[in-house]
Amino acid sequence: MYVEDCKAAFAAIGPRLAQIYGQGESPMTITAMDRALLADALAQGDDARIASVGVAQTGIEVRIGGAEAALATGEVGEVLVRGPTVMRGYWRNPAATAATLAGGWLHTGDLGALDADGFLTLKDRSKDLIISGGSNIYPREVEEALLAHPGVAEVAVVGRRHAEWGEEVVACVVPRMPLPDAAAARALEATLDAVCLERIARFKRPKTYVFVAELPKNNTGKVLKTELRDIVG
């Protein structure tokens, strides 16, 4: 869950939330943070811990980086997983199986970092990473910043091709109020920029804001960023 969504849910229903991370190849089994730990993080206002998906579950190994050597604490890389809950392979697809389970680890395709206590924080899907001017920008970090603005109901950040920088950051925003006219949109953009400058590095803030009535989603509620990339060009 996004940090702001987690705080809002906690305020509404109390200490009933837990974070669990998995994927189809190791469903609901990679990491977890129980209700007590999450409630404690919320009580302390520890946004870094709130953003975490917890620690490796029993019998599971989690590593950041290559199959041969793990990255240092705090460094961002691909999340690798090993344990008895990981799939044996894809049905009748040995090539995909070999690539995904290379080196005996499940290559999740997710980017994340482990802290000194073993808590995993997901940064983004590797395919959603934006590289602008040679710098890595994780859309989730920008989304977290924008969701701190009370006027933002939902947001999804994508990269758009840029002739000089390679890619630029575009934020697709669903406002809580009706879609703004041109003047209101400019005013809202200015306040969103201010929120970003308070929370993230200047070069990570969106270069363009696109205000939409809703975000395209699949049947499970996941935002379809491929469609958003087509929309923003």
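Residues numbered from 1 in each chain as written. Predicted model: local features only at pLDDT ≥ 70, side-chain atom pairs only at ≥ 80, totals over all residues. Heavy atoms only, no water.

Undergrad: Describe the overall build of the protein chain, listing the residues and the values that go with them.
TA: Counting secondary structure elements, the protein chain contains seven helices and 12 strands. In terms of C-alpha radius of gyration, the protein chain reaches 19 Å, essentially the compact-globule figure of 17 Å for 233 residues. Looking at the 233 residues of the protein chain, the share that counts as buried comes to 40%. Taking contacts inside the protein chain between residues at least 6 apart in sequence as the whole, the part at least 24 apart equals 54%. If you sum the accessible surface of the protein chain, you get close to 12500 Å²; carbon and sulfur atoms cover 53% of it. (Helix = DSSP H or I, 4+ residues; strand = E, 2+ residues; numbered from the N terminus. Rg over C-alpha atoms; globule rule 2.2 N^0.38 Å. Buried < 20%, exposed > 50% of the residue type's maximum accessible area, 1.4 Å probe, protein only. Contact = heavy atoms within 4.5 Å. Areas by Shrake-Rupley, 256 points an atom, 1.4 Å probe, with all protein chains shown as cover.)

Undergrad: Which residues make up helix α2 (residues 35-44), and what are the values?
TA: Regarding α2, the residues found buried are L38, A39, A41 and L42. All buried residues of α2 lie within an arc of 160° about the axis, which places them on one face of the element. Away from its buried face by more than 90 degrees, α2 exposes A36, A43 and Q44. Buried-residue contacts for α2 involve α1 (3-13), β1 (19-23), β2 (26-33) and α3 (47-50). (Arc of directions from axis to C-beta.)

Undergrad: Requested: an account of the environment of E143, with residues and values cited.
TA: Relative to the elements of secondary structure, E143 occurs in helix α5 (residues 139-147). The buried category is assigned to E143, whose relative accessible area is 2%. Between the C-alpha atoms of E143 and A171, which are 28 residues apart in sequence, the distance is 8.0 Å. Contact partners of E143, with chain neighbours within four places excluded, come to Y2, V155, A156, V157 and K225. Polar contacts involving the side chain of E143 include one to the side chain of K225, which spans 2.9 Å. (Polar contact = N/O pair within 3.5 Å; in protein donor to acceptor, adjacent residues only side chain to side chain.)

Undergrad: I'd like to hear about the state of the cysteines, residue by residue, with values.
TA: Scanning all chains against the criterion turns up zero disulfides. No disulfide involves C172; its sulfur sits 14 Å from the nearest other cysteine sulfur, which is in C196. (Disulfide = S-S within 2.5 Å.)

Undergrad: Mind laying out the nonpolar core, listing which residues take part and the relevant values?
TA: The biggest cluster of nonpolar side chains holds 19 residues, and the ones touching the most others in it are L146, V155, V157, V173, L192 and Y209. Elements that contribute at least two residues to this core include exactly α5, β10 (152-162), β11 (166-175), α6 (182-199) and β12 (208-211). With sequence-adjacent residues up to four places away left out, Y209 is seen in contact with L146, A171, V173, E189, L192, D193 and C196. With 12 residues, the next largest nonpolar core counts Y21, I64, V86 and L106 among its residues. (Core = buried A, V, L, I, M, F, W, Y, C linked by side-chain atoms within 4.5 Å.)

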